[in-house]
Amino acid sequence: PQAIFKDPFRRGENILVICDAYTPAGEPIPTNKRHNAAKIFSHPDVASEEPWYGIEQEYTLLQKDINWPLGWPIGGYPGPQGPYYCGIGADKAYGRDIVDAHYKACIYAGINISGINGEVMPGQWEFQVGPSVGISAGDEVWAARYILERITEIAGVVVSFDPKPIQGDWNGAGAHTNYSTKSMRNDGGYEVIKKAIEKLKLKHKDHIAAYGEGNERRLTGKHETADIHTFSWGVANRGASVRVGRDTEKNGKGYFEDRRPASNMDPYVVTSLIADTTILWKP
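It should be emphasised that the depicted structure is a prediction, and the values quoted were computed from it without experimental measurement.

Colleague: Mind laying out the overall build of the protein, listing which residues take part and the relevant values?
Modeller: What the protein contains, in helices and strands, is nine helices and eleven strands. Relative to the globule expectation of 19 Å for 283 residues, the C-alpha radius of gyration of the protein, 19 Å, shows essentially globular dimensions. Overall size of the protein, expressed as C-alpha extent along the three principal axes, is 55 × 45 × 35 Å. With 283 residues in all, the protein has 51% of them scored as buried. When contacts within the protein are restricted to residue pairs at least 6 apart in sequence, long-range pairs at least 24 apart make up 68% of them. Within the protein, the 35 negative side-chain charges are centred at a point lying 3 Å from the centre of the 32 positive side-chain charges.

Colleague: I'd love a proper account of a nonpolar patch on the surface, names of residues and values included.
Modeller: A cluster of nonpolar side chains, Ile 4, Ile 15 and Val 17, forms an exposed patch at the surface whose accessible area comes to about 260 Å². As for its position among the elements, Val 17 is in strand β2 (residues 15-18).

Colleague: Hey, could you go over the pairing of β2 for me, with residue numbers and the actual values?
Modeller: The two faces of a sheet get side chains in turn, since along a regular strand they alternate between them. Burial along β2 is one-sided: Leu 16 and Ile 18 are buried, and none of Ile 15 and Val 17, which face the opposite way, are. In the sheet, strand β1 (residues 3-6) pairs with β2 via four bridges, with the strands oriented antiparallel. Residue pairing in the sheet places Ala 3 in a bridge with Ile 18 of β2.

Colleague: How would you summarise the pattern of salt bridges if you had to cite specific residues and measurements?
Modeller: Taken as a whole, this structure holds 13 salt bridges when the rule is applied. We note a salt bridge from Asp 65 to Lys 64, for which the minimum N-O separation is 3.8 Å. A residue is classified by how much of its surface remains accessible, and Asp 65, at 73% relative accessible area, is exposed. Judged by relative accessible area, Lys 64 falls into the partly exposed class, the value being 47%. In this structure, a network of salt bridges that share partners links the residues Arg 243, Glu 257 and Arg 259.

Colleague: Hey, could you go over helix α4 (residues 135-155) for me, with residue numbers and the actual values?
Modeller: The terminal C-alpha atoms of α4, which comprises 21 residues, lie 31 Å apart, in line with the 30 Å expected from a rise of 1.5 Å per residue. Once α4 finishes, Gly 156 follows within two positions and takes phi at roughly 70 degrees, a positive value.

The rules behind these values
Residues numbered from 1 in each chain as written. Predicted model: local features only at pLDDT ≥ 70, side-chain atom pairs only at ≥ 80, totals over all residues. Heavy atoms only, no water. Helix = DSSP H or I, 4+ residues; strand = E, 2+ residues; numbered from the N terminus. Rg over C-alpha atoms; globule rule 2.2 N^0.38 Å. Buried < 20%, exposed > 50% of the residue type's maximum accessible area, 1.4 Å probe, protein only. Contact = heavy atoms within 4.5 Å. Lys, Arg positive; Asp, Glu negative; His and termini not counted. Charge placed at Lys NZ, Arg CZ, Asp CG, Glu CD. Patch = residues over 30% accessible without salt bridge, like charges linked within 9 Å, V, L, I, M, F, W, Y side chains within 5 Å. Areas by Shrake-Rupley, 256 points an atom, 1.4 Å probe, with all protein chains shown as cover. Salt bridge = Lys/Arg side-chain N within 4 Å of Asp/Glu carboxyl O. Pairing = 2+ DSSP bridges. Expected span 1.5 Å × (residues − 1).

Given below as structure tokens:
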């Protein structure tokens, strides 16, 4: 057992427990990405920097049996993107009851959930977890995903974390990862941020390889993404690999957003890799 949350389904004294899994020989099983992440986060240089994460988890709700987004006509397409992002109305927002139930369940569970919104593609939604410190970001995202899967099961809807569930002129789904260290949040932090981004640029290929499966279908340079082969960063630039907020630039300190991770990324892998590259790695 590694992390405990209150069970929003059975309630009462019941709990949801995230566990590490090992082989009989005591080795972490291949899918136990928490084991390595915990090593990185417990490193004194990382722990002293108190890394904060805010993860924007996008996902798509699908009609059961036909693998087609909720609210879309079967075999057909809705009107083009534009009115759906943060939209309201029966002709624009599909599945809000599921999204609201998920939000309330996460609050009950004790997950540090900080927001929800309708996304650019109809039937696509997002929730945000954080700010969470170190390994807890991965624990909370996995618990929130589990709860979402349980709620969609009850609703008879399928949740997809595929980074590009519908080809064509539709936005893909990512897991933008907002990040800061104590040095970045303190005075002079903007210089620390710029050095960290330079390190991320040098390790671009390593990060892309660890940022989710099928991400090449999403990171095309279109639909608010940067091209998968090219690293870029900018202030308030949604088409960059890494975006720095206007407030961070103005205040000279704060956080930045890695926009490359796919919606199906493993949060243990992504959060620990960002910490490893920006804090521990010496180019």
